[in-house]
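# Architecture at a glance
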Amino acid sequence: MPRFMGFVRMEEGIGTPPQALFDAMDVHIGERAAAGVFLDGGGLYGTEDAVNFVVRQGEISQHDGPYAEAKEVIGGWSIMQYDTVEEAVADQRKFAELHAKYWPEVTVISTLRQISTGPEAPGD
């Protein structure tokens, strides 16, 4: 079964999502976990404690947060598995719809990417 990573990006420092979104996500994730689709995931804190390692021309430098230039950050992630790419895309849309319904004032980008297991093309 192909595995996928889903994640949401949003503006840094927009605050905590409303409780109604947390409640809806608990139901959504619980249903998918029971069906064996949701494997792992969670929310992420802001970049104030983040650490980036930048590799440039063979040299590594460490940069600690917060990052003033960060306008958009990853707010959460999940690992899921589906029988088909089409099922994964349809379910990611449902996930995005929860944000549209329960936190409409915030712009959220909900992304789905297939996890590579080697050199084959996505969907193989």
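If you check an unreviewed UniProt entry, the protein chain appears there as YciI family protein from Terrabacter ginsenosidimutans.

## Quick notes on the sheet that holds strand 6 (residues 108-114)
Read from one edge to the other, the open sheet built from four strands follows the order 2-5-1-6, with strand pairing classed as antiparallel. Looking at which strands have only one partner, the edges of the open sheet turn out to be strand 2 (38-43) and strand 6. Averaged over all pairs of adjacent strands, the angle between their axes in this sheet comes to 20°, without regard to strand direction.

## Notes on helix 1 (residues 19-34)
In this model, helix 1 (16 residues) spans 22 Å end to end at C-alpha, consistent with the 22 Å of a helix rising 1.5 Å per residue. By the burial criterion, the buried members of helix 1 are Leu-21, Ala-24, Met-25, His-28 and Arg-32. One side of helix 1 holds all its buried residues, which, seen down the axis, span an arc of 100°. Relative to its buried face, helix 1 has exposed residues pointing more than 90 degrees away, namely Gln-19, Asp-26 and Ala-34. Of the surrounding secondary structure, the elements contacted by the buried residues of helix 1 are strand 2 and helix 2 (85-102). Following helix 1 by one or two positions, Gly-36 has its phi on the positive side, about 80°.

## Some details on the packing of helix 1 against helix 2
For the pair helix 1 and helix 2, the least separation of the axes is 9 Å and the interaxial angle reads 165°. Between helix 1 and helix 2, the angle falls in the class roughly antiparallel. Of the two elements, helix 1 crosses helix 2, and the hand of that crossing is right-handed. Along its contact with helix 1, which presents Ala-20, Leu-21, Ala-24, Met-25, His-28 and Arg-32, the element helix 2 presents Asp-91, Lys-94, Phe-95, Leu-98, His-99 and Tyr-102. Residue classes in the contact of helix 1 with helix 2 are distributed as seven nonpolar, two polar and three charged.

What counts and how
- Residues numbered from 1 in each chain as written.
- Predicted model: local features only at pLDDT ≥ 70, side-chain atom pairs only at ≥ 80, totals over all residues.
- Heavy atoms only, no water.
- Pairing = 2+ DSSP bridges.
- Helix = DSSP H or I, 4+ residues; strand = E, 2+ residues; numbered from the N terminus.
- Axes fitted to C-alpha atoms, helices over the stretch in contact; angles between N-to-C directions.
- Expected span 1.5 Å × (residues − 1).
- Buried < 20%, exposed > 50% of the residue type's maximum accessible area, 1.4 Å probe, protein only.
- Arc of directions from axis to C-beta.
- Contact = heavy atoms within 4.5 Å.
- Parallel < 35°, antiparallel > 145°, perpendicular 65-115°, else oblique.
- Left-handed = near helix turned anticlockwise from the far one by under 90°.
- Nonpolar A, V, L, I, M, F, W, Y, C, P; charged D, E, K, R; others polar.

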